[in-house]
Amino acid sequence: MNWDKLGFSIIPTDYMYIMSCSNYDDNFMFENGNLTPYGNIEISPSSGILNYGQGLLEGLKAYRGEDNHIRLFRPEENALRMQIGADRMCMPSPSIEQFVDAVKQVALANKRWIPPLGKGSLYIRPLLMGTGPVLGVRPAPECTFLLYASPVGNYSKGPLDLLVEEHFHRAMPGGTGGIKTITNYSPVYKASSEARAKGFSDVLFLDAETGKYIEEGTACNVFVVKGNLISTPAITGTILSGITRKSIIEIALSFGYQVEERAVPLEELVTADEAFCTGTAMVIKAVSSVTYRGKRIEYKTGEDTVSQKFYATLTGIQTGCVEDKKGWSVIID
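Residues numbered from 1 in each chain as written. Predicted model: local features only at pLDDT ≥ 70, side-chain atom pairs only at ≥ 80, totals over all residues. Heavy atoms only, no water.

### A word on the overall build of the chain
For clarity, the cut-off: In DSSP terms, a helix is any run of H or I states spanning at least four residues, a strand is any run of E spanning at least two, and both are numbered starting from the N terminus. For a compact globule the rule gives 2.2 Å times the number of residues to the power 0.38, and the radius of gyration it is set against comes from C-alpha atoms. Think of it in three bands: with a 1.4 Å probe and only protein chains considered, a residue is buried below 20% of the maximum accessible area for its type, exposed above 50%, and partly exposed in between.
Assigned secondary structure in the chain consists of seven helices and 16 strands. In terms of overall size, the chain behaves like a compact globule, its C-alpha atoms giving a radius of gyration of 20 Å where 333 residues would be expected to give roughly 20 Å. Over its C-alpha atoms, taken along the principal directions, the chain stretches across nearly 55 × 50 × 35 Å. When the 333 residues of the chain are sorted by exposure, 51% land in the buried category.

### Here's the deal with unusual backbone geometry
A positive phi angle, near 70 degrees, is found at Asn 68, a position not held by glycine. Considering the arrangement of structural elements, one finds Asn 68 in the loop between strand S4 (60-64) and strand S5 (70-73). Since its relative accessible area comes to 47%, Asn 68 is described here as partly exposed. One non-glycine residue with positive phi stands out, namely Arg 74, at about 50 degrees. Along the chain, Arg 74 turns up in the loop between S5 and helix H2 (75-88). Accessibility expressed as a relative area gives 5% for Arg 74, which makes it buried.

### A few points about the packing of helix H5 (residues 243-254) against helix H7 (residues 306-319)
Condition: Axis definition: a line fit to C-alpha positions, over the contact stretch in the case of helices; interaxial angles, taken between N-to-C directions, run 0 to 180 degrees. Angle categories: roughly parallel below 35 degrees, roughly antiparallel above 145, roughly perpendicular from 65 to 115, and oblique for all the rest. Left-handed is the label given to a crossing in which the near helix is rotated counterclockwise from the far helix by less than a right angle, and right-handed is the label when the rotation is clockwise. In this analysis, two residues are considered to be in contact whenever any of their non-hydrogen atoms come within 4.5 Å of each other.
Interhelical geometry of H5 versus H7 gives an angle of 110 degrees and a closest axis separation of 10 Å. As far as their axial angle goes, H7 and H5 are roughly perpendicular. Taken as a pair, H5 and H7 cross one another with a handedness that is right-handed. Here Thr 244, Ser 247, Ile 248, Ile 251 and Ala 252 of H5 come into contact with H7, specifically with Phe 310, Thr 313 and Leu 314.

### Observations regarding the packing of aromatic side chains
Rules: Stacked, edge-to-face and tilted are the three classes for Phe, Tyr and Trp ring pairs, Trp counted by its six-membered ring, which pair at centre distances within 6.5 Å; planes under 30 degrees apart are stacked, over 60 edge-to-face, the rest tilted. Lysine NZ or arginine CZ positioned within 6 Å of the ring centre and within 35 degrees of the ring normal marks a charge as sitting over the ring.
Inspection of the entire model under this criterion finds nine aromatic pairs. Residues Phe 73 and Trp 328 carry aromatic rings whose centres are separated by 5.6 Å and whose planes lie at 85 degrees to one another, so their mutual orientation is edge-to-face. Of this pair, Phe 73 sits in strand S5 while Trp 328 sits in the loop between H7 and strand S16 (329-331); the two residues are 255 residues apart in sequence, bridging distant segments of the chain. Pair check on accessibility: Phe 73 and Trp 328 agree, each one buried. Relative to Phe 145, the ring of Phe 99 lies with its centre 5.7 Å away and its plane at 35 degrees, an arrangement referred to as tilted. Linking Phe 99 in helix H3 (residues 96-109) with Phe 145 in strand S7 (residues 143-152), this pair joins segments that are 46 residues apart in sequence. Judged by its relative accessible area of 1%, Phe 99 is buried. Grouping aromatic residues by their ring pairs yields a cluster made of Phe 223, Phe 255, Tyr 257, Phe 276 and Phe 310. Taking NZ or CZ as reference, Lys 309 lies 4.9 Å from the ring centre of Phe 255, over its face.

### Describing the environment of Gln 308
Among the secondary structure elements, Gln 308 is positioned in helix H7. C-alpha separation for the pair Gln 308 and Lys 246, spaced 62 residues apart in sequence, amounts to 17 Å. The residues contacting Gln 308, other than those within four sequence positions of it, are Gly 302 and Glu 303.

### What to know about the pairing of strand S12 (residues 258-261)
We count it as follows: Strands are treated as partners if at least two bridges between them are detected by DSSP. Assignment of crossover handedness uses the view with strands pointing away from the viewer, where a clockwise path from the first strand over the helix to the second indicates a right-handed crossover.
With four bridges connecting them, strand S11 (residues 229-232) and S12 associate as parallel partners. Paired with Leu 229 across the bridge in S12 is Gln 258. Viewed along the sheet, the connection from S11 through H5 into S12 turns out right-handed.

### Comments concerning empty space enclosed by the protein
In plain terms, the rule: A 1.4 Å probe that fits into a set of points on a 1 Å grid over the protein atoms alone but cannot get out defines a cavity; an open set with protein on both sides within 12 Å along at least five of seven lines defines a pocket, and lining residues are those with an atom within 4 Å of a point. Grid points are joined across faces, edges and corners, and a volume is the space filled by probe spheres set on the points. Charged means Asp, Glu, Lys or Arg here, nonpolar means Ala, Val, Leu, Ile, Met, Phe, Trp, Tyr, Cys or Pro, and polar covers whatever is left, Gly included.
Per the stated rule, a full pass over the model turns up two cavities of 30 Å³ or more. A volume near 110 Å³ is recorded for the largest cavity. Lining the largest cavity are Gly 59, Leu 60, Lys 61, Tyr 63, Phe 73, Asn 78, Ile 243, Thr 244, Gly 279, Thr 280, Val 283 and Gln 318. When residues of the lining of the largest cavity are traced back to their parent elements, those giving at least two are S4 and H5. A per-element tally of the lining of the largest cavity places S4 first, with three residues. Here the lining of the largest cavity is composed, by residue class, of five nonpolar, six polar and one charged. Approximately 30 Å³ is the volume found for the second largest cavity. Considering the residues around the second largest cavity, the lining is formed by Leu 56, Leu 57, Glu 58, Arg 81, Met 82, Gly 85, Ile 179 and Lys 180.

### Let's talk about the nonpolar core
We apply this condition: Residue types Ala, Val, Leu, Ile, Met, Phe, Trp, Tyr and Cys, when buried and joined through side-chain atoms within 4.5 Å, form a set referred to as a nonpolar core.
Formed by 31 residues in total, the largest nonpolar core has its most connected members in Ala 62, Ile 124, Leu 128, Phe 145 and Leu 147. Taken together, the elements giving at least two residues each to this core come down to strand S1 (15-21), S4, S5, H2, H3, strand S6 (121-130) and S7. Counting residues per element, this core draws most heavily on H3, which supplies six residues. Non-local contacts of Ala 62, meaning those with residues more than four positions away in its chain, are made with Ile 70, Arg 71, Leu 72, Ala 107, Ile 114, Ser 121, Leu 122 and Ile 124. One finds Ala 272, Ala 275, Met 282 and Val 287 within the second-largest nonpolar core, a separate group that totals 20 residues.

Right, here's the structure in full:
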């Protein structure tokens, strides 16, 4: 493997993990899961996930530290988020212990695919899918918990150039924008594809009710910096509760910044000193520019920026280069 050329695309590894559940009664239990060679799976053509999109996804990473230990970052938070999403999608969910144990097994079974320090990480993708057969619009009678992994490098190169999207919306009040369901993602393809065709990195979605407030990118949370104040859209049902987002808020507070989680008007982004996006895949990316109705607003990027300081702190904790005073990292080898 040429780690220096590692990008963000699927590279099949050795093993994946599968656990099934076929009882949706109050006393249901997941079967014992097991590792199996990575490969295709058999699924009913009438399964809930294929017919009605009944499925959730998560994303987290395993890191090789400077001490060569392997670390996970806050995996219990991913487990909790999947449980919340499963309740919304009428699915049983693995316990926190089952989830974290499965992640550990996948990371260790694919240990040779974890890049060296500074070259990337092992991206682990847990899926919870309604795999039982259904014809009517109802929850599937069986579900499958599956995890696979791929070594990854940078999600995107350099700072982000965002295009404000006014015609398409990522989520609406009362919908599923606040959970990590698979149906949240393909509807944004058209807007993001058109933006990239024009030379932009991604789109910035506005709220569906008024079109006045910023919400998210395609797969990332957004932060706005003005002096010592850092603002980010509040978790109100249309914003995904990002684990990187949550961690950055805690890091910002520890550095003495004032952090506000609230509705953020687009006008505040226009007049901001800096802006950056967060997510498991991209970690933290500075926003170089935002274009709104043909007007391009540029921001400070590079060294000595707030986003760079947060990036160094977060990745340092994830790889053991910075002392983990919060107990976020889990050493698994």
